[in-house]
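Residues per chain are reported as follows:
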Amino acid sequence: MTGVREVARETFVISLAAPPVAASVRPGQFVMLGLNPGPLLRRPFSVYRAEGDLIEVILKPVGSGTRLLLASGAVSCVGPLGHGFSLDPAGGPVALVSGGLGVAAMPLAARAARSLGLRVAWVHGARTADELCAEWEGEEVVWATDDGSRGFHGTAVGAVPSVSMQVLACGPNRMLAAVADRWPEAQVALETYMGCGTGVCLGCAVPLARGGYDRACSEGPVYRAADVLWERLPTHLHYEASA
Amino acid sequence: MIVGGIELRGPVMAASGTFGYGTEVPLLDRRKLGGMVSKGIFLRPRPGTPPARIVETPAGMLNAIGLQGPGVESLVRDYAPLWAGWEFPVLVNVNGESAEEYGELAARLDGVAGVAGLEINVSCPNVDAGGMYFGNDPRAAAAVTEAVRRRTRLPVWVKLTPAVTDIGVIARAVEGAGADALTCINTLVGMSIDLHTLKPRLSFRTGGLSGPAIRPIALHLAHQAARAVKIPVVGVGGIASAQDALEFLVAGCRAVQVGTATFVDPQAIARIHDGITEFCSKRDYASADEIPRYLPRD
């Protein structure tokens, strides 16, 4: 681990030297980080940025695992994993809609969109002004807070300008269900429990609208919003009580 | 080395449900893989249980996947042809809701190129019918084993559940019914409650506990089974290092399977294989089969 910076209250970006990941990661992909000694299972993290030999991930030290991660010098990293966002070069401007830690998936997406010459509207929400991630990228930024302490009073979904755009979203599953209601064609990056991240444990099941399940780690974590059976997807993940 | 009718390439195998159908885990050096057991399969496709399916526990994890799988037709069509070209043997983990269904599945896999053997799962804790309920009754376990034995010429291994009073009784019953080897053990049934929702964390309510948390129990039960039968025992349960694997070999196992450790470290099997090789060369054992077993008979 080569650096830590605070980007919102109790929210940190850590940089890791991971040259193969940095060289090949695409927007919306993730890594599995593990500690030994530490919790048994690795934890999934979206890659926030990648530059040279370094990658960055964003975390809130909510559970014992993430607290240990923040305090440790070396972590073990497997990745990049999963299928990320795909941008349509002819699809018009892009809205990057994130809530809370969902901002983690957005900087790489912004960079990819701008490299295609697409205009980026960065829409980011959090509970309060001091929980908003201060870093953003794009042609336009819209802030939203649940308590109205900065920007739009409400969720990031409500704050998105009503013009036709390609919508890419990441945040709590409840927020993504609202994204699906408003833009069925949006691409959403889901959060699930994950065991392995490599496709073998089948723990990260995503219920599909057409029936059955597939794996967030392999077919996902990015889905067409209308393809997910939102009422069957757990809305709240609690890692903190474990290990 | 030949174990229970299967020519293994080494003593370390991938356990069922932790290696998919062998097409994942690209990071593993497969030259070190002794063999693999497929994800459990039924005759028909099964969607599996709704999320949440896994939860971490101290030194382990609970899973309730519900034997999600494509069914035997897809397995024979999509995966077996790949396996036929691989240099390590693939056993298929077979499941059913009745002895007849196990037998039917065995018949469908008999003679299929790429299928080296069957591992009968009479120990899955995450299905409503069958599974573990065959594995904790010696007569039911023997009946399933016989039903499979009658319908196939393939080697038949039987994976036992730890949820029994005396594993030796079950081990002898399935040996008598024609099993070629035993896999000891499947997961233990466990539970975890979410204090935010005041409900079980797993949608299936309970799940199978795996990982280092169960290793001493697995070691003891594999040892007890090995003492009870003449057919080989393959040890599985929380093995994460070569030392762990060597304990199972010394306790009477011919080979081991690695499961949850692969989730954490995709290269765990190769690492364990190398550690066993190093141990053998330090002690001048030509192979893992030469490691002296601690196996007192009653």
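Computed from a predicted structure; not experimentally measured. (Residues numbered from 1 in each chain as written. Chains lettered and ligands numbered in written order. Predicted model: local features only at pLDDT ≥ 70, side-chain atom pairs only at ≥ 80, totals over all residues.)

### Considering the sheet that holds strand S4 (residues 43-46) of chain A
For sheets, the rule is that strands pair by backbone hydrogen bonds, running either parallel or antiparallel. All names here are of chain A. An order of S4-S3-S7 is seen for the 3 strands of this open sheet, with the pairing classed as antiparallel. Lying at the two open borders of the sheet, with one neighbouring strand each, are S4 and strand S7 (76-81). Strand after strand, the sheet turns through a mean of 30° between neighbouring axes, direction not considered. Here 4 bridges tie strand S3 (residues 30-34) to S4, and the two strands are oriented antiparallel to one another. Paired with Phe30 across the two strands is Ser46, which belongs to S4. (Pairing = 2+ DSSP bridges. Helix = DSSP H or I, 4+ residues; strand = E, 2+ residues; numbered from the N terminus. Axes fitted to C-alpha atoms, helices over the stretch in contact; angles between N-to-C directions.)

### Quick look at the interface of chain B and chain A
With 30 residues of chain B at the contact, the number on the chain A side is 28 residues. Elements supplying a minimum of two residues to the side of chain B that touches chain A: strand S5 (54-57), strand S6 (60-63) and helix H8 (260-264) of chain B. The element that contributes the greatest number of residues to the side of chain B that touches chain A is S5(B), accounting for 4 residues. The residue inventory of the side of chain B that touches chain A, partitioned by class, reads 16 nonpolar, 10 polar and 4 charged. (Contact = placed C-beta atoms within 7 Å. Nonpolar A, V, L, I, M, F, W, Y, C, P; charged D, E, K, R; others polar.)

### Re the pairing of strand S2 (residues 11-17) of chain A
Residue and element names in this part refer to chain A. Taking burial as the measure, the 7 residues of S2 include 5 buried ones, the bulk of the element. Bridging between strand S1 (residues 3-8) and S2 involves 5 bridges; their strand directions are antiparallel. When the sheet's bridge partners are listed, Glu6 is paired in S2 with Phe12. In this antiparallel pair of consecutive strands, S1 and S2, the connection spans 2 residues, and Glu10 shows a positive phi of 60°. (Buried ≥ 20, exposed ≤ 12 C-beta atoms within 10 Å, placed from the backbone.)

### Considerations on the confidence of the model for chain B
Across chain B, the average pLDDT comes to 95, with 99% of residues at or above 70. Under the prediction, the complex receives an ipTM of 0.92, its pTM being 0.94. (pLDDT = per-residue confidence, 0-100.)

### Considerations on unusual backbone geometry
At the junction of A:Gly79 and A:Pro80, the peptide bond is cis and its omega measures out at -5° in the coordinates. Summarising the element assignment, A:Pro80 is placed in strand S7. Backbone torsion omega between A:Gly220 and A:Pro221 reads 5°, so that peptide bond is classified as cis. Looking at the secondary structure, you find A:Pro221 in the loop between strand S15 (213-215) and strand S16 (222-224). Phi at B:Ala59 is positive, roughly 55°, even though this residue is not glycine. Mapped onto the elements, B:Ala59 comes out in the loop between S5 and S6. Not every positive phi belongs to a glycine, and B:Leu198 is a case in point at roughly 55°. Looking at the secondary structure, you find B:Leu198 in the loop between strand S12 (193-194) and strand S13 (199-200).

### Some details on the sheet that holds strand S16 (residues 255-258) of chain B
Residue and element names in this part refer to chain B. Pairing in this closed barrel of 8 strands is parallel, and the strands run S3-S4-S7-S8-S9-S10-S15-S16 around the ring. For this sheet, the mean angle separating the axes of adjacent strands, direction not counted, is 25°. As paired strands, strand S10 (residues 181-184) and strand S15 (residues 233-236) are joined by 3 bridges and run parallel to one another. Within S15, the residue paired with Thr183 across the bridge is Val234.

### Thoughts on helix H4 (residues 138-151) of chain B
All names here are of chain B. Over its 14 residues, H4 extends 20 Å from the first C-alpha to the last, a length consistent with the 20 Å expected when each residue adds 1.5 Å. Within H4, burial applies to Ala141, Ala142, Ala143, Val144, Thr145, Ala147, Val148, Arg149 and Arg151. Check the buried side of H4 and you find it contacts strand S7 (90-94), helix H2 (99-109), strand S8 (117-121), helix H3 (132-135), strand S9 (156-160) and helix H5 (167-176). (Expected span 1.5 Å × (residues − 1).)

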